[in-house]
Amino acid sequence: MPLAIYNTLTKTKETFKPLEGNNVRMYVCGMTVYDFCHIGHARVMVAFDVVARWLRKSGYKLTYVRNITDIDDKIIRRAQENGETFKDLTGRMIEAMHQDETRLGVQRPDVEPCATDHIPGMFTMIQTLIDKGYAYAPGNGDVYYRVGRFAGYGKLSRKKIEDLRIGARIEVDESKEDPLDFVLWKAAKPGEPSWESPWGAGRPGWHIECSVMSTCCLGDTFDIHGGGPDLVFPHHENEIAQSEAATGKTYAASWMHAGAVRVDGEKMSKSLGNFFTIREVLEKYHPEVVRYLLVSSHYRSPINYSEESLREARGALDRFYHALKGLPQASPAGGEPYVERFAAAMDDDFNTPEACAVLFEMVREVNRLRDQDIQAAAGLASRLKQMAEVLGVLQLEPDEYLRAGAEGKVDEAAVDRLIQARLDARAAKNWAESDRIRDELTAMGVVLEDGKGGTTWRLAN
């Protein structure tokens, strides 16, 4: 079946057809780098990493652009609080973001533009909007977009201008014609970073940044625009208004939005004390466990982050790796019906939960074959790993995963010596000594597993 993608713009699942041959151009709104990335950011990172992997696996030539917002109010405030330049702050946070995504197995986008590198392009688009009557400069150094001038405003979010005007107001220091108008260029306040522009010293508004970076990197019209669930309105709505007014062309053919992350059923919020950075979570859980939790839900569905859900994800991965453990090296073999069902799931709007279910069926078959035909089991296990690469999981050696976190917690050399001593005791039929050693290892938090390939160990969960 052909690839189908749910389009937020049309609210329907549509057969995907690239705008230009086999080339796919995808833009995803990235992070505003004033702080460490949180688990909601991880959701977006991983969701579109899987999308990119599957598009490439399906034979498309993908150009994946994910931007960095490196100038905005939060960045300026945080830098002032820290007593550092905004460039020093964003430089540190970008490096930290890359560290986090690397640990989560997220492949870097092809292009990662920063807003501050595209200021001249913003001047050009803003002036075009002014010339066309879609924007105005009231003379105070700001430039605003005329929302009421754009006939299609609200088509992505299904919001109506008349409804939005109810309760909308103009701040004292603004010179808007209409409360709904939004800023394209902001006049600089004393002590703020600024750039000289045709309208005076200032900095860009958030929305214009993405319109300029996306069209600069991918052209006036591209295939997929993605982002987090909170970006549909106003950010993506405003991007459409700016871009289509400036170019006269459709901005993006398909719009994709990842689902929200909830923590124990509640919206993640610093004020509720349920806000977790990626690095905080990775201190407690293996990166692949966190990634598996994220891919085991459909990218559009809300996901519930909790200790219980992480334990369930760890339990699922443990089952996979136990099935892969102790098998000989083999080329991928067999499993064609599983491959077809996996592909059908991924082609159905990247249905990763169904894809994971197919992998679990393969695990059961690997375990069944293990006692009957070890080579067939090994070939199917290798096929399973090959398929799971699209999801970014099951790419470690089983012992590497199962022993993860052992360093610093147990003396691995001592564990190996005790296991050998136990094997010697068993060979001598000294069952009491064998049991004593097992009890000693259990007290150390080590779980032994005896199999045809010998005895292996892992840390207790």
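All values derive from a computational prediction rather than experimental measurement. (Residues numbered from 1 in each chain as written. Predicted model: local features only at pLDDT ≥ 70, side-chain atom pairs only at ≥ 80, totals over all residues. Heavy atoms only, no water.)

A look at the packing of helix H9 (residues 287–295) against helix H10 (residues 307–324)
Alright, step 1. Between H9 and H10, the shortest axis-to-axis distance is 9 Å and the interhelical angle comes to 105°. Classified by the interaxial angle, the pair formed by H9 and H10 is roughly perpendicular. Across the interface between the two elements, Glu288, Val289, Val290, Tyr292 and Leu293 of H9 pack against Ser309, Leu310, Ala313, Arg314, Ala316, Leu317, Phe320 and Tyr321 of H10.
Alright, step 2. Its residues placed into classes, the contact of H9 with H10 shows 10 nonpolar, 1 polar and 2 charged. (Axes fitted to C-alpha atoms, helices over the stretch in contact; angles between N-to-C directions. Helix = DSSP H or I, 4+ residues; strand = E, 2+ residues; numbered from the N terminus. Parallel < 35°, antiparallel > 145°, perpendicular 65-115°, else oblique. Contact = heavy atoms within 4.5 Å. Nonpolar A, V, L, I, M, F, W, Y, C, P; charged D, E, K, R; others polar.)

Describing the pattern of salt bridges
Alright, step 1. Enumeration according to the criterion identifies 30 salt bridges in this entry.
Alright, step 2. Among the ionic pairs, Arg165 bridges to Asp178, the shortest N-O distance being 2.5 Å. A residue pair is termed long-range when its members are at least 10 positions apart, and Arg165 in helix H5 (residues 161–165) and Asp178 in the loop between H5 and strand S7 (182–187) qualify at 13 residues.
Alright, step 3. Connected through shared salt-bridge partners, Asp49, Arg53, Arg291 and Glu389 make up one network. (Salt bridge = Lys/Arg side-chain N within 4 Å of Asp/Glu carboxyl O.)

Quick look at the environment of Thr12
Alright, step 1. Locating Thr12 in the fold gives a position in strand S2 (residues 12–15).
Alright, step 2. When its relative accessible area of 37% is taken as the criterion, Thr12 is described as partly exposed.
Alright, step 3. Contact partners of Thr12, with chain neighbours within four places excluded, come to Ile5, Tyr6 and Asn7.
Alright, step 4. A distance of 2.9 Å separates a polar atom in the side chain of Thr12 from a polar atom in the side chain of Thr10. (Buried < 20%, exposed > 50% of the residue type's maximum accessible area, 1.4 Å probe, protein only. Polar contact = N/O pair within 3.5 Å; in protein donor to acceptor, adjacent residues only side chain to side chain.)

A look at the UniProt feature "binding site: Zn(2+)" (unreviewed entry) in the chain
Alright, step 1. If you check UniProt for "binding site: Zn(2+)" (unreviewed entry), the listed places come out as Cys29, Cys210, His235 and Glu239 in our numbering. Their sequence span is 211 residues, while the largest C-alpha to C-alpha distance among them is just 11.0 Å; these annotated residues converge on one region.
Alright, step 2. Structurally, Cys29 is set in the loop between strand S3 (23–28) and helix H1 (39–57).
Alright, step 3. In contact with Cys29, other than residues within four places in its own chain, are Arg66, Asn67, Cys210, His225, Gly226, Leu231, His235, His236 and Glu239.
Alright, step 4. Inspection of the secondary structure assignment puts Glu239 in helix H7 (residues 232–247).
Alright, step 5. Sequence-distant contacts of Glu239, that is, excluding residues within four places in its chain, are made with Cys29, His207, Cys210, Ser211, His225 and Tyr251. (UniProt positions renumbered as here; feature names shortened; annotations may be inferred.)

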